Amino acid sequence: MSAKKEELRIGFYVCHCGHNIASMVDCVAVARSVEKLPGVALARDYKYMCSDPGQVLIQQDIREHKLNRIVVASCSPLLHEHTFRGATEAGGLNPFYFHMVNIREHDSWVHTDRQEATEKAKALAEAAIRRVAHHKALEIKKVPIHPDVLVVGGGIAGIHAAMTLANAGKKVYLVEREPSIGGHMAKFDKTFPTLDCAACILTPKMSEVGSHPNITLWTYSDVTKVDGYVGNYTVQVKRKARYIIEDLCTGCQDCIPNCVFKEPKFTDDFNEGLGKRKPVYIPFPQATPQVVVIDPEVCLNFKRGKNPDGSPIVSDKCKKTCVEACGEKNAIDFTQKDELKEIKVGNIIVCTGFKTFDAGRVPAYGYGTYKNVYTSLEIERLVNASGPTGGEVILREGKNPDGSPKTPKSIGIIHCVGSRDKKTNIWCSRVCCMYSMKLAHLLKEHTDAELYNFYIDMRTPGKGYEEFYNKLLEEGTHFIRGRVGEVTDWAMTPEEEGKLVIRVEDTLAGVVRRIPVDMVVLATGLEPQADAGDVRRLFNMSCGGDGWFLERHPKLAPVNTFTDGVFLAGCCQGPKDIPDTVAQAGAAAAEAMVLIDRGYVEQEPNTAFILDQECSGCKSCIPLCPYTAILFDEERKKAYINEALCKGCGTCVGACPSSSIVQNLFEDSEIFSEIEGVLSYD
Amino acid sequence: MTKPWTPRIVAFFCNWCTYTAADLAGVSRLKYASNVRVIRLMCSGRVDPQFILDALARGADGVLIGGCHPGDCHYVEGNYKMLRRFELLKRMLVDFGIEPQRVRLEWISAAEGEKVKTVINEMTQQLQALGPLGMPQKFTAWDQELEHLAQAVQARDAAAGPCPTHAAPSPTPEVVHV
Amino acid sequence: MSKPKVAFYWCASCGGCEETVVDLAEDILGVVEKVDIVLWPVAMDFKYKDVAALPDKSIFATLLNGAIRMSEQEELAVLLRRKSQYLIAYGACAQLGGIPALANQFSREQVLKFNYEDCPALANEAKTRPQAQFTEAGRTPHLSQLHHVVRTLDQVVDVDFYIPGCPPTPNLTKAAFEALLSGKLPPKGAVLAPDIALCDECERKATKPTDVAFTEFKRPHQGLWDSGKCFLAQGVVCMGPATRSGCGAACTSGNMPCTGCFGPTSRVRDQGAKMLSSLCSNVAAKDVAGIQQALAGIPDPVGTFYRYGLAKSLLRRRVDLPA
């Protein structure tokens, strides 16, 4: 017969969590009920188990009462399992002799009947008591962290995260899908509330990124594949062909004036379509890297159609004046192909940003119908000195009698376009009130027009924001409280003739007003990127119901994701302004540095292993593993698991037809005893 | 005093999506029926059909499995493996005379706290309407027919007097348990 | 000095297990030499009352085959338990319920009605059903009654060991006798067969690729099967991976897939559930329609996965039947 087992001495602790648990669960009754269960040496209730005294209590009890298993009933294990494992270990036990019961998130917070909630807590506690008896001492594996970091997205978030890491001596890959870094911020003219020039504060950082010895900058590139796990990610990056050899291009831009197209005639995306560019172009003067791009869709040296590999077909029909202009630099290469790079990194920071709400989705505001209805981002370019009009605010439609472009005399800015509306996006985009006022100020400065802001609520929480609002009020900008009903060109009075009329219920005055203006600006909200779903899958993140990437904890882990080693910064996590974005980017960089500087991660020892004697070699498990962690030993005709590759999902365990695979922490006996326990109540 | 019957639901939630969603439901202070008892697994792919049958056999009136949405599995495809098992298990349970509503598979992402609430409330209602499955009570009832014989034998033996036990025992080889 | 007494008894069974004892061939003589057989209804004439008269525990070992589904079987099981030092569930029916336990999908009434009224091969116009008792010539004999539920031996009495198989092989039987007589016994409750799945000893094992993904399932009669290739690799449900070895892969050697008669390994609580899990996990499709299409090739999951093990399964029986 087997040696007598060590007597089970379980310590059970039920946490009041102040009133969070105790108000709905009779903690004393739970402790008294658990006390009677076999193997329980002591059962206590305590006000705050996670507090220092709570943890010390566990440690003392382990020593004084010779406890060999610990169960704590409190909040979610996702929150405090680590804490209590630590306390268990500090008490001298293996940390995996601990199990946690969630009676807050899964019980006291979601139920309304104290008796029922108490019964549930008892049943959940009993399940844990039965389960913990089967627990085994396990060892935490330490996995080394690759010190390099991938930053995805080169907006201000990505730039700041990359710079922070690079300045700390970490090697960073910064991958940006556009030809230049800078993101949305590069398009802005000024930033609120300080009105510093966006370019003045951003472009130095951009060029620093471009020249930083620790940063490998890959623009015009996509992350196409991510494999591995925290500390050891293998990432595939597609460097899209820009038909320019980056190392040879000096940024002289001689090719651009020498293009066979004498005039720019293709839509300039950077300028929101307000300007034109040539087939060979640089997105904006301060673009980083200072490397031009050739657009094969419109360049005459390419023809319609694609090669079998998807690359455009070189026609060689063009005179290639650009190549002549490039001369000895020989930077232009029409045969360039997309290139796949594979890199190894330990951490990934996702800063993929946002897209602005498509104003056309609110037809009542006439965007796309009336030419003088603009989006806020168009105005950013319009007021920008390096924008398509050189900073002159001129209307798309309408000329002065002398034929010169017309400047607006009155402008209406409609807030919350696409935001705070069940029909479109429910959320507040957070930045629109402030940028609307900034644009009002800038437009007034540029045109001296009469400015009207149509708002639902003014939201100006932020340092210096309310002050900025006051400043705008003093400047004589009109603020009309009310959601605009429509923008129309249907004039009812001579004054309205030739104007756009904004119809709005002024909810402060209690009247419906018609305000004729020359220009309408739609303060479009922020939305998740169109491909956020794909990006989320690529990096194994979660999305909220609204499509923004989900942080691990809204308060305590705002830049972490549910995947270790993948962090978030900037608007991909939700709308935020530049200060918050930069703060978050710094936080994400710091989180990555925590892992890098520690040098290793501790891995949950919930991996699976195959019972070698018992495995019949049926191979049923092998195709089930997405990580190819299960291998077949041809010599011995048995399967085995490469523990380093196993991520602990337990799928093979659930499928092994002879139950010859065991998952640590989730053994069959542990789950069965839990089932028994949760059903033990009357 | 007997409490009115309410259904017992054993739930197996994957750590990354549905368990987190249930946490979110808690953080959001949503209110739902207290009939569910959640067992946390790392992935819905870990859900062994034995767990479901065992839960039913031990007195669960329904079993709820929660995993990540298709394409969203933290472990790439564990949820598909559960889906495939579920499809055949559901059919098999019907052959066992168990109503298909008693076993439910739901994809609930970490953001869908609201769905946790809806699904649990809905399932509780459905099971309340179905009534208890009551396997432990069934096992007892089924085995009543054994009790009858035991009683009959006891009665007969009592009438016949004790069985001879004084006779020489048979030569027993030395027993060594290995 | 007298030899150890041994009893063989059959309950709800086909007689195949008895055949195995006979199949010991010459070896049976060795067994007979070492033991006294006190009860073996299939081969020798003994009366129950003789057994009842034996002192308790005076039988060294009883090998009982067949499931328990009639009151007489139950009574004998109880009696033999009392008289035996070791009670051994012999064969799939005694261990797991076996083929007779497939009746646990039906009520007693359904079974009786079919067998005494609806069965096409039946000539019973009076629709006579078996009676518990009848009176003739002034006597009232009591007849054995069909239980509602088919049971394994250990659901009726305490069992010491199990010898699996439908039927158990002569080799296992011989080995069990040797273990019993030499006293070298595993812990109580053990199944006297290797605790590893059948694939271990199946000659076809090497032909199974490591990337099987099922797009359809076929039943054995639906095709001609490569006699050298793993059945699962051919899309035929083979219970081998979920079934104990020890039979020498008799069925797969005869170009038939394993149907699971040796029962699960000791680590498994429900053989059918585990086989279902393994097969389904490896279905190729990811959409419900595709999954259902592939699984349509398993029209009778209970009959497929619990051919021998229904009584021993976690649910034991169709749950909505009367007690």
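Note that this is a predicted model, so its numbers are computed, not measured.

**Focus on the overall build of chain B**
Here is step 1 of the chain: A tally of regular secondary structure across chain B gives six helices and five strands.
Here is step 2 of the chain: The linear arrangement of helices and strands in chain B, starting from the amino end, is β-α-β-α-β-α-β-α-α-α-β.
Here is step 3 of the chain: Put simply, of all contacts in chain B between residues at least 6 apart along the chain, 81% involve residues at least 24 apart.

**Remarks on the overall build of chain A**
Here is step 1 of the chain: Per the secondary structure count, chain A includes 15 helices and 36 strands.
Here is step 2 of the chain: Based on the C-alpha atoms only, the size of chain A along its principal axes is roughly 105 × 70 × 40 Å.
Here is step 3 of the chain: Residue burial in chain A is summarised as follows: out of 682 residues, 51% are buried.
Here is step 4 of the chain: Considering only residue pairs separated by 6 or more positions, chain A has 69% of its internal contacts joining residues 24 or more positions apart.

**Some details on the domain arrangement of chain A**
Here is step 1 of the chain: Along its sequence, chain A is carved into domain 1 (2-140), domain 2 (150-232 + 344-353 + 530-603), domain 3 (266-337), domain 4 (356-527) and domain 5 (608-663).
Here is step 2 of the chain: Of note, the centres of domain 1 of chain A and domain 3 of chain A, computed from C-alpha atoms alone, are 65 Å apart.

**Re the confidence of the model for chain B**
All names here are of chain B.
Here is step 1 of the chain: Across chain B, the average pLDDT comes to 88, with 88% of residues at or above 70.
Here is step 2 of the chain: Taken together, the stretch residues 163-178 has pLDDT below 50 and engages in 33 contacts with residues farther than four places along the chain or on a different chain.
Here is step 3 of the chain: Reported for the predicted complex are a pTM of 0.80 and an ipTM of 0.95.

**As for the nonpolar core**
Here is step 1 of the chain: Formed by 332 residues in total, the largest nonpolar core has its most connected members in Ile349 of chain A together with Leu64 of chain C.
Here is step 2 of the chain: Excluding its chain neighbours within four sequence positions, the residues that come into contact with Leu64 of chain C are Tyr9, Cys11, Ala77, Leu80, Leu87, Ile88, Ala89, Tyr90, Ala94 and Leu153 of chain C.

**Side note on the sheet that holds strand E7 (residues 161-163) of chain C**
Residues and elements named next belong to chain C.
Here is step 1 of the chain: Taken together, five strands build an open sheet; the order of strands is E2-E1-E3-E5-E7 and the sheet is parallel. Looking at the sheet topology across the chains shown, the edges are occupied by strand E2 (36-39) and E7. For this sheet, the mean angle separating the axes of adjacent strands, direction not counted, is 25 degrees.
Here is step 2 of the chain: Where helix H1 (residues 16-23) meets the sheet, its contacts fall on strand E1 (5-10), strand E3 (59-65) and strand E5 (84-90), and the angle it forms with E1 comes to roughly 145 degrees.

**Digging into the interface of chain C and chain A**
Here is step 1 of the chain: Between chain C and chain A, the contact holds 24 residues from the first and 18 residues from the second.
Here is step 2 of the chain: Looking at the side of chain C that touches chain A residue by residue, the class counts come to ten nonpolar, seven polar and seven charged.

**Brief notes about the packing of helix H3 (residues 78-95) of chain B against helix H10 (residues 288-295) of chain C**
Working note: a packed helix pair is described by the angle between its axes plus the distance between those axes.
Here is step 1 of the chain: Between H3 of chain B and H10 of chain C, the least distance of the axes is 10 Å, while the angle of their chain directions is 55 degrees. As summarised for this structure, H3 of chain B and H10 of chain C are arranged oblique, according to the angle between their axes. Our pair here, H3 of chain B against H10 of chain C, has a crossing hand that is right-handed. Between H3 of chain B and H10 of chain C, the contacting residues are Leu83, Arg84, Glu87 and Leu88 of chain B on the first element and Val288, Ile291, Gln292 and Leu295 of chain C on the second.

**What about the interface of chain B and chain C?**
Here is step 1 of the chain: Counting residues at the interface gives 45 residues for chain B and 49 residues for chain C.
Here is step 2 of the chain: Those elements that provide at least two residues to the side of chain B that touches chain C are helix H2 (49-57), H3, helix H5 (135-142), helix H6 (144-160) and strand E5 (176-177) of chain B.
Here is step 3 of the chain: With eleven residues, H3 of chain B is the largest single contributor of residues to the side of chain B that touches chain C.

**Details of the sheet that holds strand E22 (residues 373-375) of chain A**
All names here are of chain A.
Here is step 1 of the chain: Across the sheet, five strands lie side by side as E22-E29-E23-E24-E25; this open sheet has parallel pairing. With partners counted over all chains shown, the strands left at the sheet margins are E22 and strand E25 (478-481), one partner each. Strand-to-strand twist of the sheet, defined as the mean angle between neighbouring strand axes without regard to direction, takes the value 25 degrees.
Here is step 2 of the chain: The pairing of E22 with strand E29 (residues 519-524) spans three bridges and is parallel. Bridging from a neighbouring strand, Tyr374 pairs with Val521 of E29.
Here is step 3 of the chain: Of the strands in this sheet, strand E23 (410-417), strand E24 (450-455) and E29 are in contact with helix H10 (residues 432-447), which crosses E23 at around 170 degrees.

**Thoughts on helix H4 (residues 113-130) of chain B**
Residues separated by three or four positions in an α-helix point in the same direction, a consequence of the helix having 3.6 residues per turn.
Residue and element names in this part refer to chain B.
Here is step 1 of the chain: In this model H4 runs 26 Å from its N-terminal to its C-terminal C-alpha over 18 residues, within 8% of the 26 Å that 1.5 Å per residue would give.
Here is step 2 of the chain: Looking at H4, one finds that the buried residues are Gly113, Lys115, Val116, Val119, Ile120, Met123, Thr124 and Leu127. The arc enclosing the buried residues of H4, seen along the axis, measures out at 160 degrees, which places them on a common side.
Here is step 3 of the chain: Against strand E1 (9-14), helix H1 (18-27), strand E2 (36-41), strand E3 (62-67) and strand E4 (103-107) lie the buried residues of H4.
Here is step 4 of the chain: A positive phi of about 90 degrees marks Gly131, the residue just after H4.

**Here we look at unusual backbone geometry**
Here is step 1 of the chain: Cis geometry marks the peptide bond from Phe192 of chain A to Pro193 of chain A, where omega comes out at -10 degrees.
Here is step 2 of the chain: Note on placement: Pro193 of chain A falls in the loop between strand E8 (190-191) and strand E9 (196-197).
Here is step 3 of the chain: Of note in this structure, Arg316 of chain C is not a glycine but carries a positive phi near 70 degrees.
Here is step 4 of the chain: Mapped onto the secondary structure, Arg316 of chain C falls in the segment after helix H11 (301-305).

**Brief notes about the environment of Ala325 of chain A**
Residue and element names in this part refer to chain A.
Here is step 1 of the chain: For Ala325, the location among the structural elements is in helix H8 (residues 321-326).
Here is step 2 of the chain: Classification of Ala325 by C-beta neighbours within 10 Å gives partly exposed; the count is 18.
Here is step 3 of the chain: The spacing of Ala325 and Ile413 is 88 residues in sequence and 46 Å in space, taken between C-alpha atoms.
Here is step 4 of the chain: With residues near it in sequence (within four places) discarded, Ala325 still touches Asp254, Cys255 and Asn258.

**Details of the packing of H2 of chain B against helix H9 (residues 271-281) of chain C**
Here is step 1 of the chain: The N-to-C vectors of H2 of chain B and H9 of chain C enclose an angle of 145 degrees; their axes lie 8 Å apart at closest approach. Contacts between H2 of chain B and H9 of chain C involve Pro49, Gln50 and Leu53 of chain B from the former and Ala273, Lys274, Leu276 and Ser277 of chain C from the latter.

**Examining the pairing of strand E11 (residues 221-229) of chain A**
Residue and element names in this part refer to chain A.
Here is step 1 of the chain: Direction of pairing for E11 relative to strand E12 (residues 232-239): antiparallel, over a ladder of eight bridges. Within the sheet, the bridge partner assigned to Lys225 lies in E12 and is Gln236.
Here is step 2 of the chain: Between E11 and the antiparallel strand that follows it, E12, lie two residues; Gly231 among them carries a positive phi value of about 90 degrees.

**A look at the pairing of strand E7 (residues 172-175) of chain A**
Residue and element names in this part refer to chain A.
Here is step 1 of the chain: What you see with E7 is no split at all: Val172 and Leu174 on one side and Tyr173 and Val175 on the other are buried throughout.
Here is step 2 of the chain: In this structure, strand E6 (residues 149-152) lies alongside E7, joined through four bridges in parallel fashion. Looking across to E7, one finds that Val152 is bridged to Val175.
Here is step 3 of the chain: Once the chain exits E6 it traverses helix H6 (residues 156-167) before rejoining the sheet at E7, and the crossover so formed is right-handed.
Here is step 4 of the chain: Inspection of the sheet shows E7 paired to strand E10 (residues 215-218) by four bridges, in the parallel sense. Each residue of the ladder has a partner; that of Val175, found in E10, is Trp218.

**Some details on the environment of Ile58 of chain A**
Residue and element names in this part refer to chain A.
Here is step 1 of the chain: Its place among the elements puts Ile58 in helix H2 (residues 52-64).
Here is step 2 of the chain: C-beta crowding within 10 Å serves as the criterion here: with 24 such atoms nearby, Ile58 is assigned to the buried category.
Here is step 3 of the chain: As a C-alpha pair, Ile58 and Lys341 span 283 residues in sequence and 51 Å in three-dimensional space.
Here is step 4 of the chain: When residues no more than four places from it in sequence are discounted, the contact partners of Ile58 are Gly11, Tyr13, Ile70, Ala87, Thr88 and Gly91.

Procedures and definitions
Residues numbered from 1 in each chain as written. Chains lettered and ligands numbered in written order. Predicted model: local features only at pLDDT ≥ 70, side-chain atom pairs only at ≥ 80, totals over all residues. Helix = DSSP H or I, 4+ residues; strand = E, 2+ residues; numbered from the N terminus. Contact = placed C-beta atoms within 7 Å. Buried ≥ 20, exposed ≤ 12 C-beta atoms within 10 Å, placed from the backbone. Domains from an automatic or database assignment. pLDDT = per-residue confidence, 0-100. Core = buried A, V, L, I, M, F, W, Y, C linked by C-beta atoms within 7 Å. Pairing = 2+ DSSP bridges. Axes fitted to C-alpha atoms, helices over the stretch in contact; angles between N-to-C directions. Nonpolar A, V, L, I, M, F, W, Y, C, P; charged D, E, K, R; others polar. Parallel < 35°, antiparallel > 145°, perpendicular 65-115°, else oblique. Left-handed = near helix turned anticlockwise from the far one by under 90°. Expected span 1.5 Å × (residues − 1). Arc of directions from axis to C-beta. Right-handed = clockwise from strand over helix to strand, strands pointing away.

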